[in-house]
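Fold and geometry: a report
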Amino acid sequence: MKLVLTVRKRDLIVRSGKVGVISDTHGLVRAEAMTALKGCEIILHAGDIGKPEVLDSLETIAPVIAIRGNNDRGSWAKKLPDILNLRINGLGIYVIHNVHELESSPGDDFRLVVSGHSHQPSAITRGGVLYLNPGSAGPRRFKLPVAVARLQVRGKRVRAKIIEIKA
């Protein structure tokens, strides 16, 4: 885990505006997920990583910003924050593993909330805030799709695309 950014607050510039989002890998890095994230300048991992080798693999594509999920344990996981707030190209982003643990509205500074946990991919805008769950890229759970997401960030505007992976 050499390039993983674990700071709680960070302002980043992504020239292309392309950001990959992945969650709930649970120790599995699928080749199809890696392909779907190629070309991204940064990858956000919304927790339940499973093992540090997942982050090492993702770092072959781009620097990874990760948080700890409820299943991430061990000394490697203790180095990761539980939540994260950052700015990418001026866009306020709040990252939390379980969106139901969000204590209140993320506030006026945030236009994007990234979460995982449910394994259910979704992109819903409420009150001017995009709530994105990329779904699970790891082992299939129930009949839910295996998926990741890609963001296009331009200033305070963001577009999200969920990419289902044939697994």
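Residues numbered from 1 in each chain as written. Predicted model: local features only at pLDDT ≥ 70, side-chain atom pairs only at ≥ 80, totals over all residues. Heavy atoms only, no water.

Turning our eyes to something else, we now look at unusual backbone geometry. Of all residues except glycine, most have a negative phi; of all peptide bonds, most are trans. Non-glycine residue D48 carries a positive phi angle of around 55°. Inspection of the secondary structure assignment puts D48 in the loop between β3 (42-45) and α2 (52-58). (Helix = DSSP H or I, 4+ residues; strand = E, 2+ residues; numbered from the N terminus.)

Below, the discussion takes up the confidence of the model for the protein chain. Averaged over every residue, the pLDDT of the protein chain is 90; residues scoring 70 or more account for 91%. Low pLDDT, under 50, characterises residues 1-8; the predicted model gives this stretch 28 contacts beyond four residues in sequence or across chains. (pLDDT = per-residue confidence, 0-100. Contact = heavy atoms within 4.5 Å.)

The next thing to look at is the nonpolar core. Counting 22 residues, the largest nonpolar core has L44, L86, I88, I93, V95, L112 and V114 as its most contacted members. Looking at this core, the elements that each hand over two or more residues are β2 (18-22), β3, β5 (83-88), β6 (91-96), β7 (112-114), β9 (129-133) and β10 (146-154). One finds M34, L37, A77 and L80 within the second-largest nonpolar core, a separate group that totals 20 residues. (Core = buried A, V, L, I, M, F, W, Y, C linked by side-chain atoms within 4.5 Å. Buried < 20%, exposed > 50% of the residue type's maximum accessible area, 1.4 Å probe, protein only.)

The full count for this structure, using the stated rule, is one aromatic pair. A centroid spacing of 5.4 Å and a plane angle of 80° characterise the contact between Y94 and F110, whose relative ring orientation is edge-to-face. One end of the pair, Y94, is in strand β6; the other, F110, is in the loop between β6 and β7, and 16 residues separate them in sequence. For Y94, a relative accessible area of 15% gives the class buried. Across from the ring centre of Y131, 4.2 Å away, lies the NZ or CZ of R126, which sits over that ring. (Phe/Tyr/Trp six-rings, centres within 6.5 Å; stacked < 30°, edge-to-face > 60°. Lys NZ or Arg CZ within 6 Å of the ring centre and 35° of its normal.)

Mapped onto the fold, E41 is located in the loop between α1 (31-37) and β3. Residue class for E41 comes out partly exposed when judged on its relative accessible area of 29%. As for E41 and V19, which are separated by 22 residues in sequence, their C-alpha atoms are 6.0 Å apart. Contact partners of E41, with chain neighbours within four places excluded, come to V14, R15, S16, G17, K18, A62 and P63. Here the side chain of E41 touches R15 through a polar contact of 3.2 Å, landing on its backbone nitrogen. (Polar contact = N/O pair within 3.5 Å; in protein donor to acceptor, adjacent residues only side chain to side chain.)

Turning our eyes to something else, we now look at the pattern of salt bridges. Per the counting criterion, the structure on display carries one salt bridge. For R68, the salt bridge goes to D82, with nearest N and O atoms at 2.6 Å. In this pair, R68 sits in the loop between β4 (64-66) and α3 (75-78) while D82 sits in the loop between α3 and β5, placing the two residues 14 residues apart along the sequence. We classify D82 as partly exposed; its relative accessible area is 42%. (Salt bridge = Lys/Arg side-chain N within 4 Å of Asp/Glu carboxyl O.)

This part is about the environment of A62. The topology assignment puts A62 in the loop between α2 and β4. A62 gets classed as buried once you look at its relative accessible area, which sits at 3%. Put simply, A62 and V19 are 43 residues apart on the chain and 9.3 Å apart in space, counted from C-alpha to C-alpha. If near-sequence neighbours (up to four positions away) are discounted, A62 is found in contact with C40, E41, I42 and I43.

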